Amino acid sequence: MSSKDAPPPLPEPLLVEVADSHTHLDMQSGTVEEALTKAAAVGVTTVVQVGCDIKGSQWAAETAARYDNVHAAVALHPNEAPRIVLGDPDGWSRQGARDAGGDTALDDALAEIDRLAALPYVRAVGETGLDFFRTGPEGMAAQERSFRAHIEIAKRHGKALVIHDREAHADVLRVLDEEGAPERTVFHCYSGDAEMAEICAAKGYYMSFAGNVTFKNAQPLRDALAVAPRELVLVETDAPFLTPAPYRGRPNAPYLIPVTVRAMAAVRGITEEELAEAIAVNTARAFDY
């Protein structure tokens, strides 16, 4: 194993326990037990396991039922909706190549998300939203229809909404306004600037910051973090993606949350304990556990 593939070392433990508000344990190496044990060793005692497709959402719900400190979020990722409707000839997603299923197939998939969203261990509907980075104009209608359906599901079941917003800020905010956002709405891997953070703050949306807040070129993210109200700030790994500096490019996992928390505390000019205390309270409130 080259150093590039090697898992980063365990950071110094946090003195105040926090939650990883967004992780994908099913895409990480090792067992769930190993991931949770390593995370708990550094003060990360709760994780929100997020589904991106039907299989992943079913797995998230099953895993949350099995472990007290795992909560599930279920959804069709914004890039999954066009693949269901239009097909996926390249097999880019984990399902491999797929034929176009049309709107009927999307309705069937949404019905399964709706069923899962009713389960007690499922605390959120997400990640849903819009992604104009990976989906071209031909897929936008499917994406938006799916996003609107997920908002309705979250509201009907009284669950949090977890948003994936990539290069689609204005449209995500527009759809939330048009549909009426659920009481608890989380922008996962917050990617807007300070101006958008003020809009989110005014609407009471939670902003969850990932390891990319530590990247050299991420000053706009740090500016957003600096103005976000303390009671609306969360932290996440989005593991195995977005590993914080200095480990960028190596596999991410929930145990690396302390690296990001320390970077965030420095941006805000407060102690890591103060920030961790706020994050712990905010995450429990956002996901109602």
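Residues numbered from 1 in each chain as written. Predicted model: local features only at pLDDT ≥ 70, side-chain atom pairs only at ≥ 80, totals over all residues. Heavy atoms only, no water.

**Student:** Teacher, can you tell me more about the overall build of the chain here?
**Tutor:** Within the chain, the regular secondary structure consists of 10 helices and eight strands. Rg of the C-alpha trace for the chain: 18 Å, near the compact-globule value of 19 Å for 289 residues, within the 12% margin. Its C-alpha atoms give the chain principal-axis dimensions of roughly 50 × 45 × 35 Å. Within the structure as shown, the chain displays about 11900 Å² of accessible surface, and the carbon and sulfur contribution to it stands at 53%. The averaged location of the 43 negative side-chain charges in the chain is 2 Å from the averaged location of its 27 positive side-chain charges. (Helix = DSSP H or I, 4+ residues; strand = E, 2+ residues; numbered from the N terminus. Rg over C-alpha atoms; globule rule 2.2 N^0.38 Å. Areas by Shrake-Rupley, 256 points an atom, 1.4 Å probe, with all protein chains shown as cover. Lys, Arg positive; Asp, Glu negative; His and termini not counted. Charge placed at Lys NZ, Arg CZ, Asp CG, Glu CD.)

**Student:** What's the story with the nonpolar core in this structure? I'm lost.
**Tutor:** What tends to happen in soluble globular proteins is that the nonpolar side chains get buried as a cluster. Counting residues in hydrophobic clusters, the biggest one holds 86 residues, and the most contacted among them are Phe147, Leu176, Phe187, Tyr190, Phe209, Met264 and Phe287. Once you skip the residues sitting within four places of it in the chain, Phe147 turns out to touch Thr128, Gly129, Leu130, Leu161, Ile163, Val172, Val175 and Leu176. (Core = buried A, V, L, I, M, F, W, Y, C linked by side-chain atoms within 4.5 Å. Buried < 20%, exposed > 50% of the residue type's maximum accessible area, 1.4 Å probe, protein only. Contact = heavy atoms within 4.5 Å.)

**Student:** Honestly, the pairing of strand β2 (residues 44-50) in this entry has me stumped. Any pointers?
**Tutor:** As a general feature of sheets, a regular strand has side chains that alternate between the two faces. In terms of burial, β2 is a largely internal element, six of the seven residues being buried. Of the pairings in the sheet, the one linking strand β1 (residues 18-23) to β2 comprises four bridges and is parallel in character. Looking across to β2, one finds that Asp20 is bridged to Val47. Taken together, the four bridges between β2 and strand β3 (residues 70-74) define a ladder with parallel strand orientation. In the strand pairing of β3, Val50 is matched with Ala73. In this region the chain leaves β2, passes through helix α2 (residues 54-66) and returns to the parallel neighbour β3; the handedness of that crossover is right-handed. (Pairing = 2+ DSSP bridges. Right-handed = clockwise from strand over helix to strand, strands pointing away.)

**Student:** Honestly, the packing of aromatic side chains in this entry has me stumped. Any pointers?
**Tutor:** Two measures describe an aromatic ring pair: the distance that separates the ring centres and the angle between the ring planes. Using the criterion set out here, one finds two aromatic pairs in the structure. Ring geometry for Tyr190 and Phe209: centres 5.5 Å apart, planes at 50°, overall tilted. In this pair, Tyr190 sits in the loop between β6 (185-187) and α7 (194-203) while Phe209 sits in strand β7 (residues 206-209), placing the two residues 19 residues apart along the sequence. As far as the burial class goes, Tyr190 and Phe209 line up, both buried. (Phe/Tyr/Trp six-rings, centres within 6.5 Å; stacked < 30°, edge-to-face > 60°.)

**Student:** Can you walk me through the packing of helix α5 (residues 140-157) against helix α6 (residues 169-179) in this structure?
**Tutor:** When two helices pack together, their arrangement is given by the angle between the helix axes and the distance between those axes. The interhelical angle for the contact between α5 and α6, taken along N-to-C directions, is 45°, at an axis separation of 11 Å. Between α5 and α6, the angle falls in the class oblique. Read as a crossing pair, α5 and α6 show a hand that is right-handed. For the pair α5 and α6, contact is made by Glu144, Phe147, Arg148, Ile151 and Lys155 and by Val172, Arg174, Val175, Leu176, Glu178 and Glu179, respectively. Residues belonging to the contact of α5 with α6 are distributed by class as follows: five nonpolar, no polar and six charged. (Axes fitted to C-alpha atoms, helices over the stretch in contact; angles between N-to-C directions. Parallel < 35°, antiparallel > 145°, perpendicular 65-115°, else oblique. Left-handed = near helix turned anticlockwise from the far one by under 90°. Nonpolar A, V, L, I, M, F, W, Y, C, P; charged D, E, K, R; others polar.)

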